Amino acid sequence: MPAEGSLASILARHRRDRTRLIDILREVQAKNGHISPEAAAEIAAGLGLSTVEVEGAATFYHFFSARPAGTYAVYLNDNIVSVMKGRAAVASAFEKAAGCRFGETTPDGRIGLYRTSCIGMNDQEPAALINGVVFTKLTPAKVKLIVEGMNAGMNVRAMIAATGDGANAAKLVRAMVKNNIRKEGPVILASFRSGAAVKKAVKITPEGVIAEVKKANLLGRGGAGFPTGLKWEFCRREKGENHYVVCNADEGEPGTFKDRVILTERPHLLFEGMTVAGYAVGARKGLLYLRGEYAYLAPYLESLLAGLRKKNLLGKRIAGKAGFSFDIEIKLGAGAYVCGEESALLQSAQGERGEPRDRPPFPVQSGFLFQPTTVNNVETLCAAARIIEKGADWFKAMGTPRSAGTKVLSVSGDCKKPGVYEVPFGLTVRRLLEMAGGPDAQAVQIGGPSGACISRGQLERAIAFEDLATGGSIIVIGPGRDLFEVIRNFMEFFVEESCGWCVPCRAGNPLLLRKLEKIMSGKGTPADIIEIESWGRIIKAMSRCGLGQTSPNPILTTIQNFREMYESKVERGRDFLPEFDLAEAVKEASAVTGQVFAASDTEQSHE
Amino acid sequence: MSKPKARISFTVDGKKCSAAPGQTILQAAKDNGIYIPALCRWEGFKPAGACRVCTVRVGGRYMAACTQPVTDGMAVENDVPDLQDMRKALIEMLFVEGNHMCPTCEKSGNCELQALAYRFLMLVPRFPFQFPARRVEPAGKKILLEHNRCIKCLRCVRGVRTRDNKAVFGTLRRSRDKKISVDQVLASALTDKQARQAMDRCPVGSILKKEVGFAVPIGRRKYDKEPIGSDVEKARG
Amino acid sequence: MSKPVVATASLAGCFGCHMSFLDIDERILTLIDLVEFNKSPIDDIKTFTKPVDIGIIEGGCCNSENVEVLREFRKHCQVLISLGECAIMGGLPAMRNAIPVRECLEEAYFHSPTIDPSEPKIMPGDEDLPIILDKVLPLHEIVKIDAFLPGCPPSADLIWKALTSLLEGKPLDLSYNLVKFD
Ligand SMILES: Cc1cc2nc3c(=O)[nH]c(=O)nc-3n(C[C@H](O)[C@H](O)[C@H](O)COP(=O)(O)O)c2cc1C
Ligand code: SF4
Ligand code: SF4
Ligand code: SF4
């Protein structure tokens, strides 16, 4: 028997199953604080892989590190709302109190400071994860206390002053996270009686379930808006050894956090949605792919799953239905936005780097372990459960003719009431802003960075698939903000989160960012606006997956909707201005040689 | 369901073509004497869709010809000015993403990246040079990895495996920091033939066999006289 | 009608492009008939004495003086041509771009094998010396460039074709054989 907690025992517990590599890496990282080259080699040997394959997976995800990440690893969110709410002061408070800079650990290896992309807490920023524990609404004063606690060797969970509302206070969660449910709608956030959907589903045929979901005209809530019933039908029709249901709970789009709230407050509705989907497509197994940032919810969700098994709502002969067995496993991610893309998610779930696949084949044909799989968003599965419970007609009576039902929105930024709003499709942005207390917004980012930035002139537009489609992220940008900083933040996000597989996204996004910064620095010309637009279009057209295909949107939609902002930033009537600045370029050498750079040399505009 | 037809027909830029069902657009076009430029493709390897140079347009939608199967009646746009310019832009992105000093490169004249730049008559990239800090790294006993020139085509990752099917090459990190790496132990065990193969399959001068260089004189190299793709186009007759 | 005026310069280059220019062989006689050279190492004229129609520069910019010369050219030349790999991409000198300037200078003046270890180590810092840039840059990242002639060196045929097209006011129509990077 290998020693408890040893690498050998971890490998044995995962049955030396290559498809469980990410689970194994998570455990090793948690236990050792890093994945050393030696550990990588041992894991590789145990799984029959080459070391470079293990290192490849280990270096792909934010929350794995090859060097010790620190006894306390602090990941501070760097998305734009965090910035709006005072991230800079919090970051420098961390650096000052800890005595190391971001990207480093303290010399004694106790504290490591890192930046990370949106962690799904936009309604309570600035927020950070410390060894997986969420800290919200950080201030420099709170940071000082936290660092003192770390230096005193305190348990991270013990540093939480008070827990949040609802299930955040549950014994297995105990998170300081707040739900901030501002508006409960009838579909997702209304209360739910466990069993109400599954018991009804098993009374009709799987085809009948699919027909009802199709009739309800349920469109995927994850962003792409694919008809759910049709997806299930395709999946069911496909031949395979096993069929799978995968719930996409990666929720990585900056500014969205509604799935977090659903997972916290309506997990039974979700599990039931997955079970109904399993019944419909003929799957025996479901996976909940939960983003690493939400790992704090996992023990609680596991306990609920155990309860469902006891109640015979999971397991064999579910709700007494002969031949229907289904169970759910939670798979944790490890920090990678692209893993929300369904095929990257599947790669990650089966122990690989989270790089998207080529399509065709689509997941319904070749998904988890290359078997027929339906991948659905958290909210989609919840809505499906509710449709079975209450009927397609009830569902279709809400929303617009083309967008049936409700949408759960995550509203954050410059508004008085950030939080979660479940509203019928068709709601105008203006109305939403009134509800959230941000009526004077200069701009609203709909659908996160990959969506669109709209101006005040477009506030009458509606949240609906036929107008402003959104996975749920709504970021309110108030009057005093520099919109360019918002755009830059979004582009930095895409540069960072590109999986790097294909050329336009990997090589192109850094070039867009650089061009944007040229314009922002006042060194742009009208030609630069034309160029950045054309480069953006190339990246959209040529990229391999949805990430690259939408990454230029922060720039393209603002050029479209805020053109005058760009035009006032560039030098009109010039056809060329360089990024190059001679005075800057000689600084390094001057410092070495002692040569003084003559001011006359800086004279500008030699064209 | 009707039986799949023995041949399906499609068009490339209006030219009538035929294909076997299941063929990719790229392969089918090639069989019809039409060259669709590509950089990461290697006959016999699973297509990667990584370079995107083979992107074509069908019904206004863009797709990689190396991964997309042809369907009956498909009208493919290939050699059209705006698409060619976007492909050229990808080549230019690769030139500024790494450090390509062709005059000093062992692969010059035989390099597929350079050859595509020639074919597209690239005089200067439209993008600013990034001048990334990259290194040359010994990879096992027989080869060197010249990271300055690597374009992450993944040919080595896909194609170089040990007898028990372990990957010798792999990728580390992601985004612009993505990097090719080798398993040092497995790379040391490569035979001379395998090392030579790895070098030959690398489209650029990124995999170098130690102690091999500039073997073919200027003027007699692969792309000195004729553009890449000429073989395909000549086959059309 | 006065002849078109041509000026040339070599910045961070090796004069290889200029050599290739002279390689147009007997066509140089035709060229001299067609154009007049102003500031150029070919005729050793050191300053601009009149407006120039075509400026041709080889080599990228590696120091402050290169930048000044380049800007002078841009000011005086109607059309400015980037000639060769170094001018277009930075070329060989740009291989130092990934290395901090301090390291480069210390390597050159303190650690290089030709330094006599018994001598005191001196970092040249004379005010008259040009100051090294943090990166060697291609010309078009500093001033607007109108035409690019790649090659290391660009072939004499390419240079000839480009010049004659320009002089005849025709667009530069390049063929496969003329575009080479080595
Ligand atoms: C870069 C990227 C990130 C994505 N992130 C998510 C996500 O976090 N959650 C989600 O449900 N869908 C996400 N999607 C969409 C999924 O690929 C997929 O369309 C969705 O999960 C399907 O579920 P649905 O039909 O229920 O919407 C993402 C797509 C892309 C391209
Ligand atoms: S578009 Fe970006 S994220 Fe998607 S495959 Fe290409 S590099 Fe990866
Ligand atoms: S790899 Fe190709 S493009 Fe790069 S330097 Fe070598 S020859 Fe030039
Ligand atoms: S080393 Fe060569 S074959 Fe491998 S990814 Fe890089 S360019 Fe492609």
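Note that the structure is a prediction, hence the values are computed from the model and not measured.

Regarding the site of ligand 3
Right, on to step 1. Taken together, Phe95, His100, Met101, Cys102, Cys105, Ser108, Cys111, Leu113, Gln114, Arg149, Val204 and Gly205 of chain B form the complete shell of residues around ligand 3.
Right, on to step 2. A class-by-class count of the residues in the shell around ligand 3 yields seven nonpolar, four polar and one charged.

Observations concerning the sheet that holds strand E9 (residues 373–377) of chain A
Residue and element names in this part refer to chain A.
Right, on to step 1. Within the open sheet, the four strands sit side by side as E8-E7-E6-E9. Their pairing is parallel. Looking along the sheet, the strands with just one partner apiece sit at the ends: strand E8 (327–332) and E9. Recorded for the sheet is a direction-independent mean angle of 20 degrees between the axes of neighbouring strands.
Right, on to step 2. The pairing of strand E7 (residues 285–290) with E8 spans six bridges and is parallel. Bridging from a neighbouring strand, leucine 287 pairs with glutamate 329 of E8.
Right, on to step 3. In the packing of helix H14 (residues 342–349) onto the sheet, contacts are made with strand E6 (244–249), E7, E8 and E9, and the angle to E7 comes to roughly 100 degrees.

Observations regarding the pattern of salt bridges
Right, on to step 1. Considering all chains together, one arrives at 63 salt bridges over all chains under this definition.
Right, on to step 2. One salt bridge in this structure joins glutamate 168 of chain C and lysine 170 of chain C, with 3.0 Å as the shortest N-O distance.
Right, on to step 3. Judged by relative accessible area, glutamate 168 of chain C falls into the exposed class, the value being 53%.
Right, on to step 4. Through salt bridges that share partners, Arg20, Asp23, Lys285, Glu329 and Lys331 of chain A make up one connected network.

Brief notes about the site of ligand 4
Right, on to step 1. Taken together, the neighbourhood of ligand 4 is formed by 13 residues, with Cys150, Cys153, Leu154, Cys156 and Cys202 of chain B sitting nearest.
Right, on to step 2. When the residues that make up the shell around ligand 4 are grouped by side-chain class, the tally is ten nonpolar, one polar and two charged.

Here we look at the packing of helix H18 (residues 483–497) of chain A against helix H19 (residues 503–520) of chain A
Residue and element names in this part refer to chain A.
Right, on to step 1. Here H18 crosses H19 at 160 degrees, and the two axes come no closer than 9 Å. Here H18 lies roughly antiparallel to H19, going by the angle between them. Between H18 and H19 lies a crossing whose hand is left-handed. In this structure, H18 contributes Phe484, Glu485, Ile487, Arg488, Met491, Glu492 and Val495 to the contact, and H19 contributes Asn509, Pro510, Leu512, Leu513, Leu516, Glu517, Ile519 and Met520.
Right, on to step 2. Partitioning the contact of H18 with H19 into residue classes produces ten nonpolar, one polar and four charged.

Quick word on the interface of chain A and chain C
Right, on to step 1. Residue-level contacts link 23 residues of chain A with 27 residues of chain C.
Right, on to step 2. Note on chain A versus chain C: buried area summed over both sides is about 2200 Å², and carbon and sulfur give 60% of it.
Right, on to step 3. The tally of links between chain A and chain C comes to zero salt bridges.
Right, on to step 4. The tally of links between chain A and chain C comes to six residue pairs in polar contact (both at pLDDT 80 or more).
Right, on to step 5. Put simply, the parts of the chain that give the side of chain A that touches chain C at least two residues each are helix H24 (582–585) and helix H25 (587–593) of chain A.
Right, on to step 6. No other element matches the six residues that H25 of chain A contributes to the side of chain A that touches chain C.

Quick look at the interface of chain B and chain A
Right, on to step 1. Listed as interface residues are 43 residues of chain B and, on the opposing side, 44 residues of chain A.
Right, on to step 2. Surface buried jointly by chain B and chain A totals about 3400 Å² across both partners, of which 59% is contributed by carbon and sulfur atoms.
Right, on to step 3. Considering only the side of chain B, the residues that lose the most area to chain A are Arg52, Met93 and Arg174 of chain B, jointly responsible for 20% of the buried surface there.
Right, on to step 4. The tally of links between chain B and chain A comes to three salt bridges.
Right, on to step 5. Notably, a salt bridge pairs glutamate 497 of chain A with arginine 174 of chain B, separated by 2.6 Å at the nearest N-O pair.
Right, on to step 6. The tally of links from chain B across to chain A stands at 18 residue pairs in polar contact (both at pLDDT 80 or more).
Right, on to step 7. Those elements that provide at least two residues to the side of chain B that touches chain A are helix H2 (81–97), strand E8 (169–172) and strand E9 (179–182) of chain B.

Focus: the domain arrangement of chain B
Residues and elements named next belong to chain B.
Right, on to step 1. For chain B, the domain assignment lists domain 1 (8–40 + 48–79) and domain 2 (88–214).
Right, on to step 2. Relative to domain 2, the C-alpha centre of domain 1 lies at a distance of 26 Å.
Right, on to step 3. With ten residues of domain 1 in contact, the opposing surface of domain 2 contributes 15 residues.
Right, on to step 4. By the criterion of area lost to domain 2, the three top residues of domain 1 are Tyr35, Leu39 and Cys40, representing 56% of everything that side buries.
Right, on to step 5. Between the two partners, domain 1 and domain 2, sit two residue pairs in polar contact (both at pLDDT 80 or more).
Right, on to step 6. Across the side of domain 1 that touches domain 2, the residue classes break down as nine nonpolar, no polar and one charged.

So, the side chain of glutamate 58 of chain C
All names here are of chain C.
Right, on to step 1. In this structure, glutamate 58 sits in strand E3 (residues 52–58).
Right, on to step 2. One buried charged residue, glutamate 58, remains without a salt bridge, the closest side chain of opposite sign being lysine 39 at 14 Å.
Right, on to step 3. Of note is the side chain of glutamate 58, whose polar atom sits 3.3 Å from the backbone nitrogen of cysteine 17.
Right, on to step 4. Polar contacts involving the side chain of glutamate 58 include one to the side chain of histidine 18, which spans 2.9 Å.

Quick notes on the pairing of E8 of chain B
Residue and element names in this part refer to chain B.
Right, on to step 1. Alternating residues of E8 divide into Phe169 and Thr171 and Gly170 and Leu172, and every residue in both groups is buried.
Right, on to step 2. Two strands pair when backbone bridges link them, and E8 and E9 are joined in this way by four bridges, in the antiparallel orientation. Residue pairing for E9: leucine 172 is matched across the bridge by lysine 179.

Considerations on helix H2 (residues 21–32) of chain A
All names here are of chain A.
Right, on to step 1. For H2, which comprises twelve residues, the first-to-last C-alpha distance of 16 Å matches the rise-based estimate of 16 Å (1.5 Å per residue) to within 8%.
Right, on to step 2. Those residues of H2 that fall on the buried side of the exposure criterion are Leu21, Ile22, Asp23, Ile24, Leu25, Val28 and Gln29.
Right, on to step 3. Taken together, the buried residues of H2 touch helix H1 (7–13), helix H3 (37–47), helix H4 (51–58), E8 and H14.
Right, on to step 4. Glycine 33 lies just past H2 and shows a positive phi near 80 degrees.

Quick word on the domain arrangement of chain A
Residue and element names in this part refer to chain A.
Right, on to step 1. Entries for chain A in the domain assignment read domain 1 (7–58), domain 2 (72–161), domain 3 (182–396), domain 4 (409–477) and domain 5 (483–567).
Right, on to step 2. Distance from the C-alpha centre of domain 2 to the C-alpha centre of domain 5: 30 Å.
Right, on to step 3. Across the boundary between the two partners, domain 2 contributes six residues, which contact seven residues of domain 5.
Right, on to step 4. Summed over both sides, the interface of domain 2 with domain 5 buries roughly 440 Å², with 58% coming from carbon and sulfur.
Right, on to step 5. Among the residues of domain 2 in contact with domain 5, Ile80, Arg115 and Ser117 are the three that bury the most area, contributing 81% of the side total.
Right, on to step 6. Scanning the region where domain 2 abuts domain 5 turns up one salt bridge.
Right, on to step 7. A salt bridge links arginine 115 to glutamate 496; its shortest N-O distance comes to 3.4 Å.
Right, on to step 8. Connecting domain 2 to domain 5 are four residue pairs in polar contact (both at pLDDT 80 or more).
Right, on to step 9. A per-class count over the side of domain 2 that touches domain 5 returns two nonpolar, two polar and two charged.

Describing the nonpolar core
Right, on to step 1. Judged by nonpolar contacts, the single largest core of 200 residues is most densely connected at Leu25, Ile43 and Tyr566 of chain A together with Ile91 and Phe169 of chain B.
Right, on to step 2. Counting 81 residues, the second largest nonpolar core, distinct from the first, contains Ile210, Ala249, Phe324 and Ile328 of chain A.

A word on the state of the cysteines
Right, on to step 1. As enumerated under the stated definition, the model contains zero disulfides over all chains in all.
Right, on to step 2. Distance from the sulfur of cysteine 339 of chain A, which forms no disulfide, to the nearest cysteine sulfur (cysteine 499 of chain A) is 9.3 Å.
Right, on to step 3. Judged by relative accessible area, cysteine 339 of chain A falls into the buried class, the value being 1%.
Right, on to step 4. With no disulfide of its own, cysteine 14 of chain C lies 6.3 Å from the sulfur of cysteine 86 of chain C, the closest cysteine sulfur.

What to know about a nonpolar patch on the surface
Residues and elements named next belong to chain C.
Right, on to step 1. Together, Phe15, Met19, Leu22 and Ile42 give the surface a local cluster of nonpolar side chains, amounting to about 360 Å² of exposed area.
Right, on to step 2. With respect to the helices and strands, isoleucine 42 occurs in the loop between strand E2 (36–37) and E3.
Right, on to step 3. Residue classification places isoleucine 42 among the partly exposed residues on the basis of a relative accessible area of 34%.

Structural notes on the packing of aromatic side chains
Right, on to step 1. Going through the model one piece at a time under the given rule, you end up with 19 aromatic pairs over all chains.
Right, on to step 2. Pairing phenylalanine 60 of chain A with tyrosine 61 of chain A gives two aromatic rings, centres 5.1 Å apart and planes at 75 degrees, and the pair type is edge-to-face.
Right, on to step 3. On the basis of an interplanar angle of 70 degrees and a centroid distance of 4.9 Å, the ring pair of tyrosine 118 of chain B and phenylalanine 181 of chain C is categorised as edge-to-face. Residue tyrosine 118 of chain B is located in helix H3 (residues 112–119), and its partner phenylalanine 181 of chain C is located in the segment after helix H6 (156–167); the two belong to separate chains. Per residue, the accessibility class of tyrosine 118 of chain B equals that of phenylalanine 181 of chain C, and both read buried.

Calculation criteria
Residues numbered from 1 in each chain as written. Chains lettered and ligands numbered in written order. Predicted model: local features only at pLDDT ≥ 70, side-chain atom pairs only at ≥ 80, totals over all residues. Heavy atoms only, no water. Near = heavy atom within 4 Å. Nonpolar A, V, L, I, M, F, W, Y, C, P; charged D, E, K, R; others polar. Pairing = 2+ DSSP bridges. Helix = DSSP H or I, 4+ residues; strand = E, 2+ residues; numbered from the N terminus. Axes fitted to C-alpha atoms, helices over the stretch in contact; angles between N-to-C directions. Contact = heavy atoms within 4.5 Å. Salt bridge = Lys/Arg side-chain N within 4 Å of Asp/Glu carboxyl O. Buried < 20%, exposed > 50% of the residue type's maximum accessible area, 1.4 Å probe, protein only. Parallel < 35°, antiparallel > 145°, perpendicular 65-115°, else oblique. Left-handed = near helix turned anticlockwise from the far one by under 90°. Buried area = accessible area lost by both parts, 1.4 Å probe. Polar contact = N/O pair within 3.5 Å; in protein donor to acceptor, adjacent residues only side chain to side chain. Domains from an automatic or database assignment. Lys, Arg positive; Asp, Glu negative; His and termini not counted. Expected span 1.5 Å × (residues − 1). Core = buried A, V, L, I, M, F, W, Y, C linked by side-chain atoms within 4.5 Å. Disulfide = S-S within 2.5 Å. Patch = residues over 30% accessible without salt bridge, like charges linked within 9 Å, V, L, I, M, F, W, Y side chains within 5 Å. Areas by Shrake-Rupley, 256 points an atom, 1.4 Å probe, with all protein chains shown as cover. Phe/Tyr/Trp six-rings, centres within 6.5 Å; stacked < 30°, edge-to-face > 60°.

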